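Summary of the model geometry
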Amino acid sequence: MKKSQVNITIAGGGATHTPGIVQALFESRDKLPIHELRLYDIDQQKNDDMFVIIQEMMKQLKVKDITLSQTTNPKAAFSNVDFVFSQIRVGDLEMREKDEKIPLKYGLVGQETCGVGGFSYGLRSIKGLLEIVKFVQDYSPDAWILNYTNPESLIAEAVRRKYPNAKILNACDMTISIEETIARNYGYERKNWVAQYYGLNHFGWYTSIFDKSLGRDVMPEIIQKLKKEPMKVASFNAKDPSWQDAWNMLTKNLQLFPDYLPNNYLEYYLFPDIVVNNSNPNYTRANQVMDGRLKETKELAAQIRSNHFDDIHFDFGEHGNYIVDMAASIFNDSHERFMLIVPNVGAIPNLRADSVVEIPAYVGCTGAEPISMRHPINNFHKGLMEAQDAAEKLLVDAYFEHSYQKALQAFTLNQTVPSADKAKKVLDELIVVNKDYWPELNK
Ligand SMILES: NC(=O)c1ccc[n+]([C@@H]2O[C@H](COP(=O)([O-])OP(=O)(O)OC[C@H]3O[C@@H](n4cnc5c(N)ncnc54)[C@H](O)[C@@H]3O)[C@@H](O)[C@H]2O)c1
Ligand SMILES: O=P(O)(O)OC[C@H]1O[C@H](O[C@H]2[C@H](O)[C@@H](O)[C@@H](O)O[C@@H]2CO)[C@H](O)[C@@H](O)[C@@H]1O
Ligand SMILES: [Mn+2]
């Protein structure tokens, strides 16, 4: 029988994105009534800080009907829970910094989720996420996991293999961020859009964007605008100058390949040389985040404790709303439409069935119902996707088989890597710095 209220645990409760998600939860109680909200983290200090921040948010927003708790104990975190929002960063930003800086030493793309930095992150993240899935299956087997933990493609593949029946949705906010930024730049309303999109996670293309209020596909006119000049960063990303770099590169991508609107992350695969040349090997995105939202989060918790703070308001754009809307769509069986990372199983007819793809899906009480594309994709996108998908499969093979050879093949096949020799040098260095996180890889 449907419950009248739900218990939600945020795994990675101390994460800097937690306030945005919680703000969305508080604003959505009409469609997702909450009884308990729990913060689960392995870092007591981060969980404590976030507990203080959320407590203050509840006071300011006059939220009284929700029980807030925090714990580092998995049984307390995952027993009698209906939804788990998962957003962990295994190894924290300190390891992200290594993921980004070590490849740059060899002239390779250093990035959080793409390139060999993403593969390094993936071998850490898979272990952490599989542990969360096991906790949920042990303590609340009927709960839904809504996963934001990256790298999404690698996580989704690993969970697909080990827990094929897990109640999990894997989601990325990049497509809605792209759409929201375009809408705000050119005066559209994203809520009127029905977007057709396909790819791997952080590696995809729009094929159309139907605007219901205008009665037409607006993607062609958007492409014409974006080809001429880059769009500006939206307010919710205004504090992060790196997003302007992303929109600049999206324009460059369209100037070469104007038929489809690309995901901005394709810059790392199509223009790795430009990306590396524009990177500062001594100060990467991880450092910007450490000096940005991580520092702000710590400072806010301290200001609240000392009662020296202003009104609390967070703007992470659609990031919080997206995962909350997904939970509400399950809870109400309302079959809203989301971009999800799901097993292909024929949705893209000329791509291998066991690929993990990012495509539109309806979400109801039984989870994701992916929408079939009904027609094959073109050779350019198919070729790029198949190679990267194979690299990601090899990396997950390396994880489960403890295989150095599969890891080396994965690093070599990653579509940002031009040389097996460089792949080996980076892999060997990442093995050393990840000794506390990666599975042992046998030569
Ligand atoms: N899917 C998306 O589009 C999307 C969007 C934004 C962020 N993310 C991902 O969400 C995650 C959180 O991002 P953030 O910048 O808010 O993170 P953050 O670095 O601010 O915080 C991550 C939290 O996870 C905790 N943690 C680490 N390992 C853990 C474990 N094994 N169990 C429980 N908690 C653990 C840390 O202690 C920390 O509090 C990252 O994986 C990030 O890549 C994904
Ligand atoms: O470098 P970060 O940690 O700030 O962001 C990396 C993440 O970038 C995307 O999510 C962004 C979102 O697109 C943006 O509009 C805003 O809401 O911040 C989000 C998180 O920073 C991407 O989808 C994620 O997978 C990345 O982890
Ligand atoms: Mn993403």
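Keep in mind that what you see is a predicted model, and the values were worked out from it rather than measured.

1. Considerations on the coordination of the manganese ion (ligand 3)
Those protein atoms acting as donors to the manganese ion (ligand 3) are Cys172 (SG) and His202 (NE2), and they sit at 2.3 to 2.4 Å. With cysteine 172 in the loop between β6 (168-171) and α7 (174-186) and histidine 202 in the loop between β7 (193-200) and β8 (203-211), this pair connects stretches of sequence that are 30 residues apart. Owing to a relative accessible area of 4%, cysteine 172 belongs among the buried residues under this scheme.

2. What to know about the pairing of β6
Because side chains alternate across β6, one face comprises the buried residues Ile168 and Asn170, and the other comprises Leu169 and Ala171, equally buried. In terms of handedness, the path from strand β5 (residues 144-147) via helix α6 (residues 152-162) over to β6 forms a crossover that is right-handed. Here β6 pairs with strand β11 (residues 336-343) via 2 bridges, running antiparallel. Paired with alanine 171 across the bridge in β11 is leucine 340.

3. Regarding the packing of aromatic side chains
Considering all chains together, one arrives at 14 aromatic pairs under this definition. Measuring from centroid to centroid gives 5.7 Å for phenylalanine 78 and phenylalanine 135, while their planes differ by 20°, and the two rings are stacked. A residue pair is termed long-range when its members are at least 10 positions apart, and phenylalanine 78 in helix α3 (residues 74-78) and phenylalanine 135 in helix α5 (residues 115-139) qualify at 57 residues. A residue is classified by how much of its surface remains accessible, and phenylalanine 78, at 0% relative accessible area, is buried. With centroids separated by 5.1 Å and ring planes inclined at 90°, the aromatic side chains of tyrosine 399 and phenylalanine 400 adopt a geometry described as edge-to-face. In textbook terms, an aromatic cluster arises when at least three aromatic residues are bridged by ring pairs, as seen for Tyr40, Phe78, Phe135 and Tyr139. Its guanidinium or amino end placed over the ring of tyrosine 186, lysine 225 lies 5.6 Å from that ring's centre, counting from NZ or CZ.

4. Observations regarding the site of ligand 1
The environment of ligand 1 is made up of 26 residues, and the closest members are Asp41, Ile88, Glu112, Tyr121 and Tyr148. One of the side-chain N or O atoms of asparagine 150 is found 3.1 Å from an oxygen atom in ligand 1. In the model, an oxygen atom of ligand 1 is placed 2.9 Å from a nitrogen or oxygen of the aspartate 173 main chain. Look at ligand 1: alone it shows 860 Å² of surface, and the protein chains cover 95% of it. A class-by-class count of the residues in the shell around ligand 1 yields 9 nonpolar, 8 polar and 9 charged.

5. Brief notes about the UniProt feature "active site" (unreviewed entry) in the protein chain
The positions that UniProt labels "active site" (unreviewed entry) are, in the present scheme, Asp173 and Tyr265. Spatial clustering of the annotated residues is evident: they stretch over 93 residues in sequence, but the largest pairwise C-alpha distance comes to 12.3 Å. One can find aspartate 173 in the loop between β6 and α7. In this structure aspartate 173 touches Tyr148 and His319, once residues within four positions along its chain are discounted.

Scoring rules and cut-offs
- Residues numbered from 1 in each chain as written.
- Chains lettered and ligands numbered in written order.
- Predicted model: local features only at pLDDT ≥ 70, side-chain atom pairs only at ≥ 80, totals over all residues.
- Heavy atoms only, no water.
- Donors = N, O, S within 2.8 Å, 3.2 Å for Na, K, Ca; no water.
- Helix = DSSP H or I, 4+ residues; strand = E, 2+ residues; numbered from the N terminus.
- Buried < 20%, exposed > 50% of the residue type's maximum accessible area, 1.4 Å probe, protein only.
- Right-handed = clockwise from strand over helix to strand, strands pointing away.
- Pairing = 2+ DSSP bridges.
- Phe/Tyr/Trp six-rings, centres within 6.5 Å; stacked < 30°, edge-to-face > 60°.
- Lys NZ or Arg CZ within 6 Å of the ring centre and 35° of its normal.
- Near = heavy atom within 4 Å.
- Polar contact = N/O pair within 3.5 Å; in protein donor to acceptor, adjacent residues only side chain to side chain.
- Areas by Shrake-Rupley, 256 points an atom, 1.4 Å probe, with all protein chains shown as cover.
- Nonpolar A, V, L, I, M, F, W, Y, C, P; charged D, E, K, R; others polar.
- UniProt positions renumbered as here; feature names shortened; annotations may be inferred.
- Contact = heavy atoms within 4.5 Å.

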